[in-house]
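# Architecture and fold: a report
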Number of protein chains: 2
Amino acid sequence: MTLGEAARRSAADNGFDLQAFAFSAAPEQLRPPRIVRIGLVQHSIVLPTTAPYVQQAQAIRSKVGQIIDAAGAAGVKVLCLQEAWHMPFAFCTREKQWCEFSECAETGPSVAFCRELARKWGMVIISPILERDAAHGDTIWNTAVVISHTGHVIGKHRKNHIPRVGDFNESTYYMEGSTGHPVFETAYGKVAINICYGRHHPMNWQGFGLNGAELVFNPSATVGGLSEPLWGVEARNAAIANSYFVGAINRVGTETFPNEFTSGDGKPAHKSFGHFYGSSYVAAPDGSRTPSLARHMDGLMVADVDLNLCRQAKDKWGFQMTARYDMYASDLQRYCTPDFQPQIVRDPAAQSPS
Amino acid sequence: MTLGEAARRSAADNGFDLQAFAFSAAPEQLRPPRIVRIGLVQHSIVLPTTAPYVQQAQAIRSKVGQIIDAAGAAGVKVLCLQEAWHMPFAFCTREKQWCEFSECAETGPSVAFCRELARKWGMVIISPILERDAAHGDTIWNTAVVISHTGHVIGKHRKNHIPRVGDFNESTYYMEGSTGHPVFETAYGKVAINICYGRHHPMNWQGFGLNGAELVFNPSATVGGLSEPLWGVEARNAAIANSYFVGAINRVGTETFPNEFTSGDGKPAHKSFGHFYGSSYVAAPDGSRTPSLARHMDGLMVADVDLNLCRQAKDKWGFQMTARYDMYASDLQRYCTPDFQPQIVRDPAAQSPS
């Protein structure tokens, strides 16, 4: 596959890791191939978190703009940025001033910036931001905005599952999303977004699959000490189980905050909560995957995916046909009742092992 | 950890791969550690599939008995055998004479054999067999029988999801299981069994988790050309997502059948459908795992697991608390209605990409 000289030069000049891979599918008689070039962007913040917020945001946009331009020049048609890409990931601090970074999903500076680049390159852009919902009492959400290849906002999705783990004090800032499991039918395929911590929830992945997703992005922000043993497993399993492609994206770098905070782990107060390990990758429904982007560098992953592979995987493996959704619908309903009794078969001799 | 000389000598004399690993958990103040030594057995068949059935079954029992004795001598307290361990995996043939191998779960020769060994070693044994259900019209099931450390049958579970993929024509022989997601409370922890193809279904894994499983075995029979890229992913993801240990077991070797059959892949008729690749392993709720047993050899995997790690993982990650089961219960119910409309947000310009 050809990325073109401009993308390679930009990667060299601007110091980001550029990688490219292609996934193929079998030829079909009744459908042409549906090859889509997708892009994943991972990046660090630029200025110290003590800099004026407007300058911090501008510096990030400026750097990310170079990577998006490289992606556009390389022919990427669907691109996703990392979680809350426009700001430092300050949710470790529990300080509320960071809410200033939140933006209107439809009219904020991030969406204006992405709309222009989407129009420029004829590229669908998914922009995960901290959303300020002025129409509903200035509520904060963790939201992904989907922008069409013509530069208008198709819609948005709000993070379904909110972590309370390690330094990820996100439940301090926003609640569980209210948008269900929307699938966005773009010019280049049916796209959905499973934001960060939602990757630990198999039913969240499944929700997008049941609504017909062919390509699900997982924009994340997660650090080495917490989740790295899980990173190569979850997105890949989701691609297999749901017969779609997954683009898993993690931010990169170490972010230091002005005031010290504790981490609930008995260690002294500190100002940084570890290294965001990048390692973004694409996983396919047949179990294959790309290598990871760098662990310590900004990066652009370009992948050609033939979306026909999704239905081919469904026809081959039959996971959807054999899923017994009706059984699980009633099981879950029963589980949610206050008097639920687990299905346990007790060994009468269990209390007295020999 | 010490396995003892008897197990090592048996492995050397009988030619099976013996491996041992330990998983630890943090010490707690209010619960003692709950360390259980578990065992996974993988094995090939012994006689040609043309030999008289009674001899085939006896030869397998004789070999497996040696491995179970080694496990018992090594101190294993919960042991699981591979799927349909007592017979060749003949479901590629679509021939019905292989149903002769089926047995009564409560009184057949396999259960008698396992009950004796369970009693001998004070060991819980899970015996996955082809079950003949005489009380219900001689129906065939794919069933795991759970035998207590005192040698009595605690109960059984029937495979929930039946494959129709590649040479796995199992829907020709038996139907989807009727036993739900039972968890067996044994003397050594809460144990469940996700049989073979059920490992592709995240809600099947979850069903056992919701009923309180701490240790789920996945007795399988699967070949390299079909599932090997998925093998290291699915059981590990299940352990992470459900905060329990998983013991993934695959049979080993190549089985040749008397009459030729086709595989629906355009290739000429043949008598074997590929190599069962063994590679059994144990995965933990924290994302760690053991290496795999051999790809071409019988094997016994011994692992010490501290079951306290399950609840520790739940408390740390909060997947159960944040799972929003009620949302998924209604989503699934809606999905199962004939007039279900997927949640799709269409880009009006999607039909005319630039």
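Residues numbered from 1 in each chain as written. Chains lettered and ligands numbered in written order. Predicted model: local features only at pLDDT ≥ 70, side-chain atom pairs only at ≥ 80, totals over all residues. Heavy atoms only, no water.

- As named in an unreviewed UniProt entry, chain A is Carbon-nitrogen hydrolase, taken from Dunaliella salina.

### Section: the overall build of chain A
- A count of helices and strands for chain A gives seven helices and 15 strands.
- A globule of 354 residues ought to have a C-alpha radius of gyration of about 20 Å, and chain A, at 21 Å, matches this closely.
- Summarising its shape, the C-alpha atoms of chain A cover approximately 70 × 60 × 45 Å along the three principal directions.
- Burial statistics for chain A: of 354 residues in total, 64% are counted as buried.
- Within chain A, contacts between residues separated by at least 24 positions form 71% of all contacts whose residues are at least 6 apart in sequence.
- Summing over all exposed atoms, chain A offers an accessible surface of approximately 12600 Å²; the carbon and sulfur share of this is 52%.
- Within chain A, the 33 negative side-chain charges are centred at a point lying 2 Å from the centre of the 32 positive side-chain charges. (Helix = DSSP H or I, 4+ residues; strand = E, 2+ residues; numbered from the N terminus. Rg over C-alpha atoms; globule rule 2.2 N^0.38 Å. Buried < 20%, exposed > 50% of the residue type's maximum accessible area, 1.4 Å probe, protein only. Contact = heavy atoms within 4.5 Å. Areas by Shrake-Rupley, 256 points an atom, 1.4 Å probe, with all protein chains shown as cover. Lys, Arg positive; Asp, Glu negative; His and termini not counted. Charge placed at Lys NZ, Arg CZ, Asp CG, Glu CD.)

### Focus: helix H5 (residues 224-242) of chain B
All names here are of chain B.
- Helix length check: H5, at 19 residues, gives a terminal C-alpha distance of 27 Å against a target of 27 Å (1.5 Å per residue), a fit within 8%.
- Its maximal kink placed at Trp-231, H5 deviates by approximately 50 degrees.
- For H5, the tally of buried residues reaches 15 of 19 residues, placing the bulk of the element in the interior. (Expected span 1.5 Å × (residues − 1). Bend = angle between axes of the 7 residues up to and from the residue.)

### Notes on the sheet that holds strand S13 (residues 281-283) of chain B
- Taken in spatial order, the six strands line up as S15(A)-S7(B)-S8(B)-S9(B)-S10(B)-S13(B) in an open sheet, and their pairing is mixed. Every other strand in the sheet has two partners, leaving strand S15 (344-346) of chain A together with S13 of chain B as the edge strands with one partner each. Each neighbouring strand pair of the sheet contributes to a mean axis angle of 25 degrees, computed without reference to strand direction.
- Pairing of S15 of chain A with strand S7 (residues 183-186) of chain B involves three bridges; the strand directions are parallel. Residue pairing in the sheet places Arg-346 of chain A in a bridge with Glu-185 of chain B of S7 of chain B.
- Relative to S13 of chain B, H5 of chain B is tilted by about 35 degrees, and along the sheet it contacts strand S9 (215-220), strand S10 (245-250) and S13 of chain B. (Pairing = 2+ DSSP bridges. Axes fitted to C-alpha atoms, helices over the stretch in contact; angles between N-to-C directions.)

### Considering the interface of chain A and chain B
- Taken together, the contact pairs 77 residues of chain A with 77 residues of chain B.
- Regarding the contact of chain A and chain B, the summed buried area is about 6800 Å², with carbon and sulfur atoms giving 61% of it.
- At the boundary of chain A and chain B, one finds two salt bridges.
- For Arg-346 of chain B, the salt bridge identified is with Glu-185 of chain A, shortest N-O distance 2.8 Å.
- For the pair chain A and chain B, the number of links is 43 residue pairs in polar contact (both at pLDDT 80 or more).
- When residues in the side of chain A that touches chain B are grouped by element, the largest group, 10 residues, is from helix H5 (residues 224-242) of chain A.
- Across the side of chain A that touches chain B, the residue classes tally to 37 nonpolar, 27 polar and 13 charged. (Buried area = accessible area lost by both parts, 1.4 Å probe. Salt bridge = Lys/Arg side-chain N within 4 Å of Asp/Glu carboxyl O. Polar contact = N/O pair within 3.5 Å; in protein donor to acceptor, adjacent residues only side chain to side chain. Nonpolar A, V, L, I, M, F, W, Y, C, P; charged D, E, K, R; others polar.)

### Comments concerning the packing of helix H1 (residues 5-14) of chain B against helix H2 (residues 53-73) of chain B
Residue and element names in this part refer to chain B.
- At a minimum axis separation of 8 Å, H1 and H2 run at an interaxial angle of 160 degrees. Considering the angle they form, H1 stands roughly antiparallel to H2. Relative to H2, the crossing made by H1 is left-handed. Seen from H1, the contacting residues are Ala-6, Ala-7, Ser-10 and Asn-14; seen from H2, they are Gln-66, Ala-70 and Ala-73. (Parallel < 35°, antiparallel > 145°, perpendicular 65-115°, else oblique. Left-handed = near helix turned anticlockwise from the far one by under 90°.)

### Points about the pattern of salt bridges
All names here are of chain B.
- Throughout the structure, instances matching the rule amount to 36 salt bridges over all chains.
- With a shortest N-O distance of 2.8 Å, Lys-63 and Asp-298 are connected by a salt bridge. Of this pair, Lys-63 sits in helix H2 while Asp-298 sits in the loop between S13 and strand S14 (299-306), placing them 235 residues apart in sequence.
- Under the relative-accessibility criterion, Lys-63 is labelled buried at 17%.

### Details of the relation of the copies chain A and chain B
- Each copy of the sequence occupies a distinct position, and chain A is placed on chain B by a rotation of 180 degrees and an axial shift of 0.0 Å, giving an RMSD of 0.0 Å. On the angle and the small slide along the axis, the relation comes out as a two-fold axis.
- The share of interface residues of chain A whose copies in chain B are also at the interface is 100%, consistent with both copies meeting through the same surface. (Least-squares fit on C-alpha atoms with pLDDT ≥ 70 in both.)

### Some details on the environment of Met-87 of chain B
- Here Met-87 of chain B lies in the loop between strand S3 (78-80) and helix H3 (109-121).
- If we skip the residues at most four places from it in the chain, Met-87 of chain B touches Ile-45, Ile-60, Trp-98, Phe-101, Leu-130 and Arg-251 of chain B.

### What about the sheet that holds strand S6 (residues 153-158) of chain A?
All names here are of chain A.
- What the seven strands build is an open sheet, ordered S1-S14-S2-S3-S4-S5-S6; its pairing is mixed. Both outer strands of the open sheet, strand S1 (17-23) and S6, are each paired with one neighbouring strand and no more. The average undirected angle you get between the axes of adjacent strands in this sheet is 25 degrees.
- Sheet analysis places strand S4 (residues 124-133) next to strand S5 (residues 139-147), joined by nine bridges and oriented antiparallel. Across the sheet, the residue bridging to Asp-133 is Thr-139, located in S5.
- Across the sheet, helix H3 (residues 109-121) lies against S4, S5 and S6, angled at about 170 degrees from S4, the strand it touches most.

### So, the UniProt feature "domain: CN hydrolase" (unreviewed entry) in chain A
- In this structure's numbering, the residues bearing the UniProt feature "domain: CN hydrolase" (unreviewed entry) are residues 36-307 of chain A.
- This span, residues 36-307 of chain A, is 23% helix and 31% strand, and a straight line between its end C-alpha atoms measures 7 Å. (UniProt positions renumbered as here; feature names shortened; annotations may be inferred.)

### Concerning the packing of aromatic side chains
- Scanning the entire structure with this criterion turns up 40 aromatic pairs over all chains.
- Both rings, one in Tyr-325 of chain A and one in Tyr-335 of chain B, keep their centres 5.0 Å apart while their planes meet at 75 degrees; by these two values the pair is edge-to-face. Placement of the pair is Tyr-325 of chain A in helix H7 (residues 325-335) and Tyr-335 of chain B in helix H7 (residues 325-335), with the two residues belonging to separate chains.
- Judged by relative accessible area, which is 12%, Tyr-325 of chain A ranks as buried.
- Of the aromatic side chains, those joined through ring pairs into one cluster are Phe-89, Phe-91, Phe-168, Tyr-173, Tyr-174, Phe-273 and Phe-276 of chain A.
- Taking NZ or CZ as reference, Arg-251 of chain A lies 5.6 Å from the ring centre of Phe-276 of chain A, over its face. (Phe/Tyr/Trp six-rings, centres within 6.5 Å; stacked < 30°, edge-to-face > 60°. Lys NZ or Arg CZ within 6 Å of the ring centre and 35° of its normal.)

### Some points on the confidence of the model for chain A
- Averaged over every residue, the pLDDT of chain A is 97; residues scoring 70 or more account for 99%.
- Scored by ipTM, the complex comes to 0.96, with pTM at 0.97. (pLDDT = per-residue confidence, 0-100.)

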